[in-house]
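As a plain string of letters, each chain reads:
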Amino acid sequence: MFEMTKNVLQNLMGKSSTRLYPFTKRETFERFRGTLDINVDECIFCGTCAKKCPSQCIEVDIKGRTWTCDSFACVYCSNCVEACPVQCMFMTPVTKPPAGEKDVIFYKGKPKEPKEKKAKAAKE
Amino acid sequence: MRTILPFGPQHPVLPEPIHLKLVVEDEKVVEALPNLGYVHRGLEKLTDIRDYNQMVNIVERVCGICSCIHSLNYCEAMEEMLKIEVPQRAHFLRVMWGEIHRIHSHLLWLGLFADGFGFESLFMQFWRIRERAMDLMEATAGNRVVISTNIVGGVRKDITPDMKTWILSEIDKTETEVRALEKTILEDYTVKQRCCGKGVLTKEQAHMLGAVGPMLRGSGWAQDARQTGYAAYGQLDFEPVVEYDGDSYARSKVRFREVYASCDLVRQALAKMPEGEISTKVKGKPEGEVWRRVEQPRGELYYYLKGNGSKNLDRVRIRTPTFANIPPLLAMLPGCELADVPVIVLSIDPCISCTER
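A brief structural summary. Note that the structure is predicted; figures quoted are calculated from it, not measured.

Procedures and definitions
- Residues numbered from 1 in each chain as written.
- Chains lettered and ligands numbered in written order.
- Predicted model: local features only at pLDDT ≥ 70, side-chain atom pairs only at ≥ 80, totals over all residues.
- Heavy atoms only, no water.
- Helix = DSSP H or I, 4+ residues; strand = E, 2+ residues; numbered from the N terminus.
- Rg over C-alpha atoms; globule rule 2.2 N^0.38 Å.
- Buried < 20%, exposed > 50% of the residue type's maximum accessible area, 1.4 Å probe, protein only.
- Contact = heavy atoms within 4.5 Å.
- Areas by Shrake-Rupley, 256 points an atom, 1.4 Å probe, with all protein chains shown as cover.
- Lys, Arg positive; Asp, Glu negative; His and termini not counted.
- Charge placed at Lys NZ, Arg CZ, Asp CG, Glu CD.
- 1 Å grid on protein atoms, 1.4 Å probe; cavity = no way out; pocket = protein on both sides within 12 Å on 5 of 7 lines; lining within 4 Å.
- Points joined across faces, edges and corners; volume = space filled by probe spheres on them.
- Nonpolar A, V, L, I, M, F, W, Y, C, P; charged D, E, K, R; others polar.
- Buried area = accessible area lost by both parts, 1.4 Å probe.
- Salt bridge = Lys/Arg side-chain N within 4 Å of Asp/Glu carboxyl O.
- Polar contact = N/O pair within 3.5 Å; in protein donor to acceptor, adjacent residues only side chain to side chain.
- Axes fitted to C-alpha atoms, helices over the stretch in contact; angles between N-to-C directions.
- Parallel < 35°, antiparallel > 145°, perpendicular 65-115°, else oblique.
- Phe/Tyr/Trp six-rings, centres within 6.5 Å; stacked < 30°, edge-to-face > 60°.
- Pairing = 2+ DSSP bridges.
- Core = buried A, V, L, I, M, F, W, Y, C linked by side-chain atoms within 4.5 Å.
- Left-handed = near helix turned anticlockwise from the far one by under 90°.

Further remarks concern the overall build of chain B. Counting secondary structure elements, chain B contains 13 helices and 8 strands. The C-alpha radius of gyration of chain B comes to 20 Å, within 12% of the 21 Å expected for a compact globule of 357 residues. When the 357 residues of chain B are sorted by exposure, 61% land in the buried category. A separation of at least 24 residues holds for 70% of the contacts in chain B among residues at least 6 apart in sequence. For chain B, the accessible surface area stands at approximately 13600 Å², while carbon and sulfur atoms represent 52% of it. A gap of 4 Å separates the mean positions of the 45 positive and 48 negative side-chain charges of chain B.

Now the structure itself:
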């Protein structure tokens, strides 16, 4: 019966195990998969990320050069990040803040630059 | 006089929705009839539209608490079908994460069990210790519960030497903290009053009704799927934890002592881990059929996979431990007091989203 007494005293005297959440936030670890984002300038719009995604939350339009992610459907597995051939996607160790409405990440890339040969031909 | 009382689907002690129709005579339970199907999600059918690599993430979501071991089983079965040799380091890393997962699951259950018979302070103690296991998973694999670390062909992340020492120190701390609670849960008067002799499952019944995991081992059978030596378990020293009384108390004892066994296995896996690659390249498409079983915190988990030579599997059949443990539960309930029903139901560690998938 008195086994817990030591523990109870420790709990009373010691530091609290919990945090006052909105004021003190816990530091996340380096490897934590918190938020998915993309560096759209480097993206080649190949659509590999959309093919690998198990929840099919990513849509890539090759012609329109847009990248859309329904971040509420994302399961943060980082399959897309590992599959990306140009490694332009990354996961930051920051938890997404609570949102009041549906959040869709939308990026429009730069229009495709013409290849060198075609550019030369156009000049001539 | 006979009365029918509904127990669940929403009940203060039940973490998940199961409905039990209890036929009671005064205060004694005479019969129990289960009603399932509240959280069926059709995960097995998803094989039609998701390829076998994406299925790893889907089978992980069968159950949150043992997600890592679900994906371990699926990946091992898939590797057997594709005839891939996985690097040794990956096997040891899988064991490490599986055992950390087991620690977290058992501590979660022990807390819920304490809460089930009204010992809220003990519940808080267990969940505070569990936080260490969660931090270990977040730091090493990248998430707290559904860690998505196993892939077909190996594992995703490696651990650094710094992490290794940190994991060992955290495991030591977990063990000392759990040991401090040993007397409270195993020798306390209140706990004994609430658990001893409640929901007795005899040795013969356990065998006949096909109980698995701590249910089976609490009734005196030394059977554990880890003895089959899947992943790297064949290279580690391991003995199943057995108790002989077959009541709720024996089952909680088994789970409590398994936390120590898991701590020991993590240490062994880290000590014997060889250097090298952590994954191999996967080629080919699955064809044929394969079944495999592993030990989850709750018991034995079966996977049956059938491939047809395309990237989508034909069939994924999962039999989870709670599914096997429901018939023994129904055998335990008749004859008990109505007030003991929550303790008995919790003592099988029900995971209904596992059962229904």
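Let's pick the thread back up.
Time to look at the layout of surface pockets. In this structure, the largest pocket occupies an estimated 1600 Å³ of space. Split by residue class, the lining of the largest pocket holds 11 nonpolar, 13 polar and 15 charged. Here the second largest pocket is characterised by a volume of approximately 590 Å³. Put simply, the parts of the chain that give the lining of the second largest pocket at least two residues each are helix 2 (48–52) and helix 3 (79–83) of chain A together with helix 1 (54–60) of chain B. Among the residues forming the lining of the second largest pocket, the class breakdown is 6 nonpolar, 7 polar and 8 charged.

Right, let's get into the interface of chain B and chain A. The extent of an interface is frequently quoted as the accessible surface area lost upon association of the parts. Across the contact, 32 residues belong to chain B and 24 residues belong to chain A. Where chain B abuts chain A, roughly 2200 Å² becomes buried across the two surfaces, and 40% of that area is made up of carbon and sulfur atoms. The three residues of chain B that bury the most area against chain A are B:Gln54, B:Glu138 and B:Arg156, which together make up 24% of that side's buried surface. Connecting chain B to chain A are 3 salt bridges. Counting every contact that joins chain B to chain A gives 18 residue pairs in polar contact (both at pLDDT 80 or more). Those elements that place two or more of their residues in the side of chain B that touches chain A are helix 1, helix 4 (120–140), helix 5 (161–180) and helix 6 (182–187) of chain B. Broken down by element, the residue count for the side of chain B that touches chain A peaks at 8 residues, all from helix 4 of chain B. The class makeup of the residues in the side of chain B that touches chain A is 12 nonpolar, 9 polar and 11 charged.

Interaxial distance between helix 1 (residues 3–13) of chain A and helix 4 of chain B falls to 12 Å at its minimum, and their mutual angle equals 70°. Relative to helix 4 of chain B, helix 1 of chain A is oriented roughly perpendicular. Between helix 1 of chain A, through A:Met4, A:Asn7 and A:Asn11, and helix 4 of chain B, the contact on the second element is made entirely by B:Ser121, B:Leu122, B:Gln125 and B:Arg128. Its residues assigned to classes, the contact of helix 1 of chain A with helix 4 of chain B comprises 2 nonpolar, 4 polar and 1 charged.

Moving on: the packing of aromatic side chains. The full count for this structure, using the stated rule, is 10 aromatic pairs over all chains. Look at A:Phe29 and B:Trp166: their rings are 5.9 Å apart centre to centre, the planes differ by 50°, and that puts the pair in the tilted class. Residue A:Phe29 is found in the loop between helix 1 and strand 1 (35–38), and its partner B:Trp166 is found in helix 5; the two belong to separate chains. Here B:Trp166 falls in the partly exposed class, since its relative accessible area comes to 28%.

Moving on, we come to the sheet that holds strand 5 (residues 104–108) of chain A. Residues and elements named next belong to chain A. Ordered in space as 2-3-5, the 3 strands form an open sheet in which the pairing is antiparallel. This sheet does not close on itself; its edge strands, each paired only once, are strand 2 (58–61) and strand 5. Adjacent strand axes in the sheet meet at a mean angle of 10° when their direction is disregarded. As paired strands, strand 3 (residues 66–70) and strand 5 are joined by 5 bridges and run antiparallel to one another. Within strand 5, the position partnered with Trp67 by the bridge is Tyr107.

Within the largest apolar cluster, 113 residues are counted, with the highest numbers of intra-cluster contacts made by B:Leu22, B:Tyr74, B:Met78, B:Met96, B:Val152, B:Leu305 and B:Leu333. The element that contributes the greatest number of residues to this core is helix 3 (residues 88–116) of chain B, accounting for 15 residues. Every residue in contact with B:Met96, bar those within four places of it in the chain, is listed here: B:Ile159, B:Ile167, B:Val266 and B:Leu270. With 19 residues, the next largest nonpolar core counts A:Cys57, A:Cys88, A:Met89 and A:Met91 among its residues.

Residue and element names in this part refer to chain B. If you trace the backbone, Ile69 turns up in helix 2 (residues 67–82). The exposure class assigned to Ile69 is buried, which follows from its relative accessible area of 2%. C-alpha separation for the pair Ile69 and His101, spaced 32 residues apart in sequence, amounts to 7.9 Å. Not counting residues within four places of it along the chain, the set of residues in contact with Ile69 comprises Gly98, Arg102, Val294, Glu295, Gln296, Pro297 and Leu301.

So, on to the sheet that holds strand 7 (residues 300–308) of chain B. Residue and element names in this part refer to chain B. One open sheet holds the 3 strands; their spatial order is 6-7-8, and the pairing between them is antiparallel. The sheet terminates laterally at strand 6 (287–295) and strand 8 (313–319), the two strands that pair on one side only. Recorded for the sheet is a direction-independent mean angle of 10° between the axes of neighbouring strands. Strand direction decides the pairing type here: strand 7 and strand 8, joined by 6 bridges, are antiparallel. Within strand 8, the residue paired with Tyr303 across the bridge is Ile318. Each of strand 7 and strand 8 is contacted by helix 11 (residues 321–332), which is oriented at about 40° to strand 8, the strand it contacts most.

Residue and element names in this part refer to chain B. Axis separation between helix 3 and helix 5 bottoms out at 13 Å; the angle between their running directions is 25°. Taken as axis vectors, helix 3 and helix 5 run roughly parallel relative to one another. Where helix 3 crosses over helix 5, the handedness of that crossing is left-handed. In contact with Met96, Ile103 and Leu107 of helix 3, helix 5 contributes Ile167, Ile171, Thr174 and Val178. Of the residues assigned to the contact of helix 3 with helix 5, the class counts are 6 nonpolar, 1 polar and no charged.

Geometric descriptors of this kind do not, in isolation, establish any biological role.
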